[in-house]
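Listed below, chain by chain, are the residues.
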Amino acid sequence: MKTITLDITGATAFLPAGAVENLKEKVQIAHHELEMGTCPGSDYLGWLHLPCSISPEFLSDIQATAHTLRQLCDTIVVAGIGGSYLGARAVIEALGNSFAWLTNKGENPNILFAGNNISEDYLYELTEYLKTRRFGVINISKSGTTTETALAFRLLKKQCEQQRGKEEAAKVIVAITDATKGAARTTADKEGYKSYVIPGNVGGRFSVLSPVGLLPIACAGFDIAQLVKGAQDMEKTIAEQPFEQNIAQQYAAVRNALYAAGKKIEILANFQPKLHYIAEWWKQLYGESEGKEQKGIFPAAVDFTTDLHSMGQWIQEGERNIFETVLSIEKPAQELHFPHDDENLDGLNFLEGKRVDEVNKMAELGTRLAHIDGGVPNIRISLPELNAYYVGALLYFFEAGCGISGRVLGVNPFNQPGVEAYKKNMFALLDKPGYEAESKAIKARLEK
Ligand code: PA5
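Residues numbered from 1 in each chain as written. Predicted model: local features only at pLDDT ≥ 70, side-chain atom pairs only at ≥ 80, totals over all residues. Heavy atoms only, no water.

## Details of the overall build of the chain
Inclusion rule: The helix count covers DSSP runs of H or I at least four residues long, the strand count covers runs of E at least two residues long, and both are numbered beginning at the N terminus. Every radius of gyration here is taken over C-alpha atoms, with the globule rule written as 2.2 Å times N^0.38, N being the number of residues. In what follows, residue pairs with any heavy atoms lying within 4.5 Å of each other are defined as contacts. Counted as positive: Lys and Arg. Counted as negative: Asp and Glu. His and the chain ends are not counted at all. For charged residues, the charge sits on one atom: NZ in Lys, CZ in Arg, CG in Asp, CD in Glu.
Of the regular secondary structure elements, the chain holds 19 helices and 10 strands. In terms of overall size, the chain behaves like a compact globule, its C-alpha atoms giving a radius of gyration of 23 Å where 448 residues would be expected to give roughly 22 Å. Reported as C-alpha extents along the three principal axes, the dimensions of the chain are approximately 60 × 60 × 55 Å. Restricting the contact set of the chain to residue pairs at least 6 apart, pairs at least 24 apart contribute 79%. Averaging the locations of the 45 positively and 55 negatively charged side chains of the chain gives two centres separated by 6 Å.

## Some points on a nonpolar patch on the surface
Using the following cut-off: For patch building, the residue pool is restricted to those with more than 30% relative accessible area and no salt bridge; the joining distance is 9 Å between like charges and 5 Å between nonpolar side chains (Val, Leu, Ile, Met, Phe, Trp, Tyr). Per-residue and other accessible areas were derived by the Shrake-Rupley procedure at a 1.4 Å probe size, with only the shown protein chains allowed to occlude residues. We define a salt bridge as a side-chain nitrogen of Lys or Arg found within 4 Å of a carboxyl oxygen belonging to Asp or Glu.
Taken together, the side chains of Phe99, Trp101 and Leu102 make up a nonpolar region of the molecular surface, amounting to roughly 410 Å² of accessible area. Summarising the element assignment, Leu102 is placed in helix α6 (residues 100-103).

## Here's the deal with the packing of aromatic side chains
Heads up, the rule is: We call Phe, Tyr and Trp rings a pair once their centres come within 6.5 Å, taking the six-membered ring for Trp, and we label the pair stacked below 30 degrees between planes, edge-to-face above 60, and tilted otherwise. In this scheme, a residue with accessible area under 20% of its type's maximum is buried, one over 50% is exposed, and one in between is partly exposed, where area comes from a 1.4 Å probe on protein chains only. By definition, being over a ring means that NZ of Lys or CZ of Arg is both within 6 Å of the ring centre and within 35 degrees of the ring normal.
Summed over all chains, the structure comprises 17 aromatic pairs. Taken together, a centroid distance of 5.5 Å and an interplanar angle of 40° make the contact between Tyr251 and Phe397 tilted. Of this pair, Tyr251 sits in helix α13 (residues 247-260) while Phe397 sits in helix α17 (residues 388-409), placing them 146 residues apart in sequence. Accessibility classification places Tyr251 together with Phe397 in one group, the buried group. Ring geometry for Tyr286 versus Phe398: centroids 6.2 Å apart, planes at 85°, classification edge-to-face. One end of the pair, Tyr286, is in helix α14 (residues 276-290); the other, Phe398, is in helix α17, and 112 residues separate them in sequence. Per residue, the accessibility class of Tyr286 equals that of Phe398, and both read buried. Three or more aromatic residues joined by ring pairs make a cluster, and in this case those are Tyr251, Trp281, Trp282, Tyr286, Phe397 and Phe398. Here Arg255 stacks its cationic end above the ring of Tyr251, 5.5 Å away from the centre of that ring. Note that Lys264 overlies the ring of Tyr259, its terminal NZ or CZ placed 4.3 Å from the centroid.

## Some details on unusual backbone geometry
Of note, the bond from Phe304 into Thr305 is cis; its omega dihedral lies within 30 degrees of zero at 5°. Along the chain, the position of Thr305 falls in the loop between β8 (298-303) and α15 (312-317). Even without a glycine there, the phi angle at Asn344 is positive, about 50°. Along the chain, Asn344 turns up in the loop between β9 (322-331) and α16 (356-373). Residue Asn344 is classed as partly exposed on the basis of its relative accessible area, which comes to 29%. At Asp431, a residue that is not glycine, the phi angle is positive and equals roughly 60°. Along the chain, Asp431 turns up in the loop between α18 (420-429) and α19 (436-447).

## So, the site of the ligand
To be explicit about the condition: Consider each residue's heavy atoms; a residue with any of them within 4 Å of a molecule or strand counts as near. By the criterion applied in these results, polar contacts are pairs of N or O atoms within 3.5 Å in which, for protein atoms, one can donate a hydrogen and the other can accept it, and in which residues neighboring in sequence qualify only through two side-chain atoms. Each residue gets one label: Ala, Val, Leu, Ile, Met, Phe, Trp, Tyr, Cys and Pro are nonpolar, Asp, Glu, Lys and Arg are charged, and the others, such as Gly, are polar.
The full set close to the ligand counts 13 residues, and Ser84, Ser141, Ser143, Thr146 and Gln284 are the nearest of them. Separating an oxygen atom of the ligand from a side-chain N or O atom of Ser84 is a distance of 2.7 Å. Notes on the ligand: free accessible area 380 Å², of which the protein chains cover 87%. Looking at the shell around the ligand residue by residue, the classes come out as 1 nonpolar, 9 polar and 3 charged.

## Some remarks on the nonpolar core
Put simply, the rule reads: Throughout this description, the term nonpolar core refers to a set of buried Ala, Val, Leu, Ile, Met, Phe, Trp, Tyr and Cys residues connected via side-chain atoms within 4.5 Å.
One finds Phe397 and Phe398 to be the most contacted residues of the largest nonpolar core, which totals 117 residues. Of all the elements, α17 adds the most residues to this core, at 15 residues. Filtering out sequence-adjacent residues up to four positions away, Phe398 remains in contact with Tyr251, Leu268, Trp281, Trp282, Leu285, Tyr286, Leu327 and Ile381. Among the nonpolar cores identified, the runner-up in size contains 10 residues, and Ile267, Ala300, Val302 and Val376 belong to it.

## Examining the packing of helix α7 (residues 120-130) against helix α8 (residues 147-164)
Test applied: Comment: axis = line fitted to C-alpha atoms, over the contacting stretch for helices; angle = value between 0 and 180 degrees taken between N-to-C directions. Roughly parallel means an angle under 35 degrees; roughly antiparallel, over 145; roughly perpendicular, 65 to 115; everything else is oblique. The handedness criterion is simple: a crossing whose near helix is rotated anticlockwise from the far helix by less than a right angle is left-handed, and one whose near helix is rotated clockwise is right-handed.
Running from N to C, α7 and α8 point in directions that differ by 20°, and their axes come no closer than 11 Å. Between α7 and α8, the crossing angle belongs to the class labelled roughly parallel. Seen along the crossing, α7 lies across α8 with a hand that is right-handed. Residues Leu123, Leu126, Thr127 and Leu130 of α7 pack against Leu151, Ala152, Leu155, Leu156, Gln159 and Gln163 of α8. Counted by class, the contact of α7 with α8 contains 7 nonpolar, 3 polar and no charged residues.

## Thoughts on the side chain of Asn110
By the element assignment, Asn110 lies in strand β3 (residues 110-114). Dropping the residues within four chain positions of it, Asn110 is found in contact with Asp74, Thr75, Ile76, Ala100, Trp101, Asn104 and Tyr129.

See the structure below:
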C-alpha cells in the first residue's frame, strides 16, 4: 500500500553537510521522552496513542449519534474555536465537494461553524439563515468556558428551543467537553444532551481524532473508520521506524536545522484549494505548540497557484528567512482534460488533451524549483490521494512531528500560556466580576 512520503532534499541543500543527521540523537531523545511521558507537559500526551486506543464500539457510538443528527437536521452548527473546530473543518473541507453547500440535494446536512469569532454581523447573519433551517448544534469546548463559543451556544440553544421546542431541541444538541468541569458539561447534564468527553490528557489542538473531530466529520457523511485507520497505521509506523525512515523525526529534524540556520518562517503551500483548512489547522498546531519563550518558527500558509499571483513575489525575492513545505496530492479524485479551442486565441492549444492535474503538477514543480533557485529551502510532503485514510495519516504525522519538533526546540509543546493575555484584558475592559484590579489598571493605562 502507498504511504505518505517526505522529501527533504530541497532543504538539506541549504544546510551545512550533516546538519539533519547531527540532530538524530536529540530527535530520538525528544521522541523517547514523549513515549516515556517524561517531557514537560506530560499530562497532555493522550494524543500520542489516541488513534490505536479507538475501539470499533466507540466509532459505532459516534456513527449512531451522527446518524440521529443527520436524520433530524438539514444543518448542523459546530460551535467551537481553535482546536475545538479547526480539525473538523479541515477534514470536512479536504474530503468534501468544493460546491457542496450550493449543490446539496439533502443527502448530507450542511455543516456550519460558529463560536470561533465575536462578530455581531456573522452571528446575526447565521441566526437569520437558521430561521428557516431544521438545525442542530454540536457544542465543543474542553474548558466549557470559552467566551466565543459560549456566546454562540447561548444564541443557538435559545433559537433551537424556540424553533423546535425544548424537548426536541435536546435531541439535536450534542456536547463535547470535559468529563466533569465547565459550563458546557453542567448544561449538557442538566438538559440531558447526548455528550462526549474530551480526554483530560488531550489538548485542544491535538484533539481532532477524538469526538471533537470525529462527530462533526461523521455528521458530514465521511468515513471516520478510514480516517482513524490511516491515523492508526501512521501511529504504528512512527513509533517503530528508525530515524532515517521516520518521517515525523525527519520533519522535526529538518525544521530545527533550518531554524538554527536562520529560517524563521515556514510556509505551508498547497496546490489544492480543499487543503486550505488543513493549513489553518496546521498553523494552530505548530504556532500554539512552538511559539513561546521568545522562540519558534512562525507558521504561515499559502494556497497555490492562487497566491503565486499575490504572495509569489515575496516568496521568490523577499527576505531570505523562510522555508517552504509543499503539501502535494499525487492523484486527483476526478478527471478533466484541457479543452481544444479552434481559434487558439490564448495560445494554449499545446496543452490540449492533457489532464488539468498534469498542468497543476508542472506548476508545482516549476514553483518548487523557482523558489529553491530564489533561496527558499523546500520540503515536500506527498499524499497518494486525498481520501479519509491518507488525511487521517497526515493529521497524526503532523501531530507527532510537532511534539518531537517542539521538544527539540526546547519548549513545552503542550501548553499555551500566551493565549490568556488577551482574555485578561478583554475581561478587564468589559468589567467582568473578579477583574476589578485589572480593570482599574487597564483603564488608567488607556487614559494616559
Ligand atoms: O489548543 C488549544 O488548547 C486551544 O486552541 C483550544 O482548543 C481553544 O482555545 C478552545 O478551547 P476550549 O475547547 O476550552 O473552548
